[in-house]
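Working through the structure, step by step
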Number of protein chains: 2
Amino acid sequence: MHAGNARTVLQPSTPRRGAALAGVRGHPRHVLDAFDRRILDIYRADTRLAAEAIGEAVGLSATAVQRRLKRMRECGVIQAEVALVSPAALGLGTTCIVGVDLEREGPEALDRFRARMARCSQVVQCYYVTGASDFVLIVQVEDMDAFVDFTREWLTPDDNVLAFTTQVVMDRAAAG
Amino acid sequence: MHAGNARTVLQPSTPRRGAALAGVRGHPRHVLDAFDRRILDIYRADTRLAAEAIGEAVGLSATAVQRRLKRMRECGVIQAEVALVSPAALGLGTTCIVGVDLEREGPEALDRFRARMARCSQVVQCYYVTGASDFVLIVQVEDMDAFVDFTREWLTPDDNVLAFTTQVVMDRAAAG
DNA sequence: AGTGAAACTTTGGCACT
DNA sequence: AGTGCCAAAGTTTCACT
């Protein structure tokens, strides 16, 4: 559904996610050694673990672990430390995966659409992709009525949205 | 997972129950009040914030914030505290969104497929959905060669996988 | 829910390989 | 480069009010 306007130009006003992708910015990237990887393996899944416990597992002192964590935060290897909150607990019982097909696919049009989605609280993830659609959105809402409201507010009125397809999530397994 | 134990226990201010995601398990029973929500809003995005800073923002003592966080952890409202690690830093430069169509769609077949995907380290997210495909996977790999390896190891050999479609992620806008 | 003491964790200085 | 040890600073946890 779309030709090869290859070079992505989606790195505009938003945060510094690009830093990690490019690997360069501010602080230089050290190569991760085996210790770093093992620390990340453990820490990634549970940030409440004390450095001493991690150190014990990987064979390093707590201080060394802390130093490495700090460096990885500064380099952008660790992008954020967040809490995963049950959507259901917040009353967001419905998740949909939406494939969006745009009419025009020039850099500015893509950029504009992405920026719109970034402002939209229901959109939890937004991927710009090759293949059947141009964008894939993960949308989290209260219920199907709220989803319809979402499409009527953010997709249907957009002149550049040619079509979209919806898949309703019935269950979800593990995440990273 | 079984969609059987539906019936969300945590009822938010807006009473509506959608399809319950695999969500709240354990020992729940407590409604989130306005304080809880404001704490979550802040804490969700950055778990390194001290309880005192959060308390200042919401008008509670550090201890009260800690107590509420602890309770929300125990109730399953806070499911995990994790670190977001740059995929690129780990050498995982390629993300694909894969729609999988199964041949048989009985409960055991679905469960079996989901269990397989849960064991597969490349699969970062796995959604069971209605619509064009049966499952949607978010797959993270080193490069396209590694993706082909993934499909040859996990999808193609599976008798029950009728077909799959791949979308390669060119850019991603993070959660709002 | 708040206060304050005890327990724990992270942070920074210093010596060392 | 990097680490480990130890003490100071900061955070969480657990009495009790």
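Residues numbered from 1 in each chain as written. Chains lettered and ligands numbered in written order. Predicted model: local features only at pLDDT ≥ 70, side-chain atom pairs only at ≥ 80, totals over all residues. Heavy atoms only, no water.

Here we come to the relation of the copies chain A and chain B. Aligned on chain B, chain A shows an RMSD of 0.2 Å; the corresponding rotation is 180 degrees and the shift along the axis is 0.2 Å. Each copy turns onto its partner about a two-fold axis. Among all residues of chain A, the minimum C-alpha distance to the rotation axis is found for Val82(A), at 2.8 Å. Of all interface residues in chain A, 85% are interface residues in chain B too; the two copies therefore contact each other through one and the same surface. (Least-squares fit on C-alpha atoms with pLDDT ≥ 70 in both. Contact = heavy atoms within 4.5 Å.)

In this section: a negative patch on the surface. A grouping of Glu142(B), Asp145(B), Asp149(B) and Glu153(B) is seen on the molecular surface, where their side chains present a negatively charged patch. With respect to the element layout, Asp145(B) can be found in helix 5 (residues 144-155). (Patch = residues over 30% accessible without salt bridge, like charges linked within 9 Å, V, L, I, M, F, W, Y side chains within 5 Å. Areas by Shrake-Rupley, 256 points an atom, 1.4 Å probe, with all protein chains shown as cover. Salt bridge = Lys/Arg side-chain N within 4 Å of Asp/Glu carboxyl O. Lys, Arg positive; Asp, Glu negative; His and termini not counted. Charge placed at Lys NZ, Arg CZ, Asp CG, Glu CD. Helix = DSSP H or I, 4+ residues; strand = E, 2+ residues; numbered from the N terminus.)

Before going further, it helps to spend a moment on the interface of chain A and chain B. Residue-level contacts link 62 residues of chain A with 61 residues of chain B. When the two sides are added together, the surface that chain A and chain B hide from each other amounts to roughly 5,800 Å², 56% of it contributed by carbon and sulfur. When the buried area of chain A at its contact with chain B is split by residue, Tyr127(A), Met170(A) and Asp171(A) rank highest and sum to 12% of it. If you look at where chain A meets chain B, you find three salt bridges. The closest approach of N and O atoms between Asp171(A) and Arg114(B), which form a salt bridge, is 3.4 Å. Linking chain A with chain B are 23 residue pairs in polar contact (both at pLDDT 80 or more). Only helix 1 (17-22), helix 2 (34-45), strand 1 (78-85), strand 2 (94-102), strand 3 (123-129), strand 4 (135-141) and strand 5 (161-175) of chain A provide two or more residues apiece to the side of chain A that touches chain B. (Buried area = accessible area lost by both parts, 1.4 Å probe. Polar contact = N/O pair within 3.5 Å; in protein donor to acceptor, adjacent residues only side chain to side chain.)

This brings us to the UniProt feature "domain: HTH asnC-type" (unreviewed entry) in chain A. Mapped onto this numbering, the UniProt entry annotates "domain: HTH asnC-type" (unreviewed entry) at residues 32-93 of chain A. For residues 32-93 of chain A, the end-to-end C-alpha separation is 39 Å, with 55% helix and 13% strand making up the annotated structure. (UniProt positions renumbered as here; feature names shortened; annotations may be inferred.)

Taken together, the residues surrounding DNA strand C are Ala50(A), Ala51(A), Thr63(A), Gln66(A), Lys70(A), Arg48(B), Ser61(B), Thr63(B), Ala64(B), Arg67(B) and Arg68(B). Within 4 Å of the protein, atoms of DNA strand C come from sugar and phosphate in 62% of cases. Side-chain polar atom of Ser61(B) to a phosphate oxygen of DNA strand C: 2.8 Å apart, as the coordinates give it. Here a phosphate oxygen of DNA strand C sits 3.0 Å away from a polar atom, N or O, in the side chain of Arg68(B). (Near = heavy atom within 4 Å.)

Around DNA strand D, the surrounding shell consists of Arg48(A), Leu60(A), Ser61(A), Thr63(A), Ala64(A), Arg67(A), Arg68(A), Arg71(A), Ala50(B), Ala51(B), Thr63(B) and Gln66(B). Put simply, 59% of the atoms of DNA strand D that lie within 4 Å of the protein are in sugar or phosphate. Measuring from a phosphate oxygen of DNA strand D, one finds a side-chain N or O atom of Ser61(A) at 2.7 Å. Here a base nitrogen of DNA strand D and a side-chain polar atom of Arg67(A) are 2.9 Å apart. Elements supplying a minimum of two residues to the surface near DNA strand D: helix 4 (62-75) of chain A together with helix 3 (62-75) of chain B.

Moving on to the confidence of the model for chain A. Taken residue by residue, chain A gives an average pLDDT of 86. The fraction at 70 or more is 82%. Considering only residues more than four positions removed or in separate chains, one finds that residues 1-26 of chain A, a stretch of pLDDT under 50, has 40 contacts. (pLDDT = per-residue confidence, 0-100.)

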